[in-house]
Amino acid sequence: MTDRDRHPAFLPLILLGGVVFGFGLGFSQMARPEVVLAFLQFEDFGLPFVMFGAAIVTGIAFAVLPRIADAAPLTGDPFERRLKSFDRNVLVGGAIFGVGWGLSGICPGAAYASLGIGNVTILWAIAGMFLGAYLQGWWRSRPSSGDASAR
């Protein structure tokens, strides 16, 4: 599906969703690295309540929406589950993500919301996320030693 085939409200609703997400992170104080670090040090358990609340709403939406409509109303894409197998890449990537989350005190979505509450020093973590993503892309795109086309 191309951008021209999408409903005209698609992009404004994505923006609205981001605003709601960012406001929720700021309101729940999950955009503050000290709150996240307090959770990771088992001192404050507000974060799991926010995460479980979001997971419950998402789970209900994923269970109900496919029964109401055959396709997403804005994109026309069919509702379907996309399962990712649990493999070495998921395990290693998750571990690296967790270490980065612990070191910076914030996950990627909340890092942008943290800018909104005036945390300018979070730009270091955001720069690190971009650098890490670039390095991962570079690492994956290198020709392997057994690749005959690289010779």
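First things first, this report covers the structure right here in the doc. (Residues numbered from 1 in each chain as written. Predicted model: local features only at pLDDT ≥ 70, side-chain atom pairs only at ≥ 80, totals over all residues. Heavy atoms only, no water.)

Two elements in contact, helix α1 (residues 10-27) and helix α5 (residues 108-116), have axes separated by 9 Å at closest approach and are oriented at 80°. Taken together, the axes of α1 and α5 lie roughly perpendicular to each other. Contacts between α1 and α5 involve Phe21, Gly22 and Leu25 from the first element and Gly109, Ala110 and Ala113 from the second. (Axes fitted to C-alpha atoms, helices over the stretch in contact; angles between N-to-C directions. Helix = DSSP H or I, 4+ residues; strand = E, 2+ residues; numbered from the N terminus. Parallel < 35°, antiparallel > 145°, perpendicular 65-115°, else oblique. Contact = heavy atoms within 4.5 Å.)

Looking now at α5. All buried positions along α5 are accounted for by Ala110, Ala111, Ala113 and Ser114. Taken down its axis, α5 places every buried residue within 170° of arc, on the same side. On its buried side, α5 packs onto α1, α2 (33-40) and α6 (123-141). Positive phi appears at glycine 118, one or two residues downstream of α5, with a value of about 95°. (Buried < 20%, exposed > 50% of the residue type's maximum accessible area, 1.4 Å probe, protein only. Arc of directions from axis to C-beta.)

Attention shifts here to a nonpolar patch on the surface. Nonpolar side chains collect at one region of the surface, where Ile56, Ile60, Val64, Leu65, Ile68 and Phe79 lie side by side and expose about 550 Å² of accessible area between them. Assignment of secondary structure puts isoleucine 60 in helix α3 (residues 46-68). (Patch = residues over 30% accessible without salt bridge, like charges linked within 9 Å, V, L, I, M, F, W, Y side chains within 5 Å. Areas by Shrake-Rupley, 256 points an atom, 1.4 Å probe, with all protein chains shown as cover. Salt bridge = Lys/Arg side-chain N within 4 Å of Asp/Glu carboxyl O.)

We now examine the packing of aromatic side chains. Inspection of the entire model under this criterion finds 3 aromatic pairs. Ring geometry for phenylalanine 97 against tryptophan 101: centres 6.5 Å apart, planes inclined by 35°, an arrangement best described as tilted. In this pair, phenylalanine 97 and tryptophan 101 both sit in helix α4 (residues 88-104), 4 residues apart, roughly one turn of the helix. Judged by relative accessible area, tryptophan 101 falls into the buried class, the value being 19%. Stacked on the ring of tryptophan 138, the Lys or Arg arginine 142 has its end atom at 5.9 Å from the ring centre. The residue whose ring lies beneath arginine 142 is tryptophan 139, and the NZ or CZ to ring-centre distance is 3.7 Å. (Phe/Tyr/Trp six-rings, centres within 6.5 Å; stacked < 30°, edge-to-face > 60°. Lys NZ or Arg CZ within 6 Å of the ring centre and 35° of its normal.)

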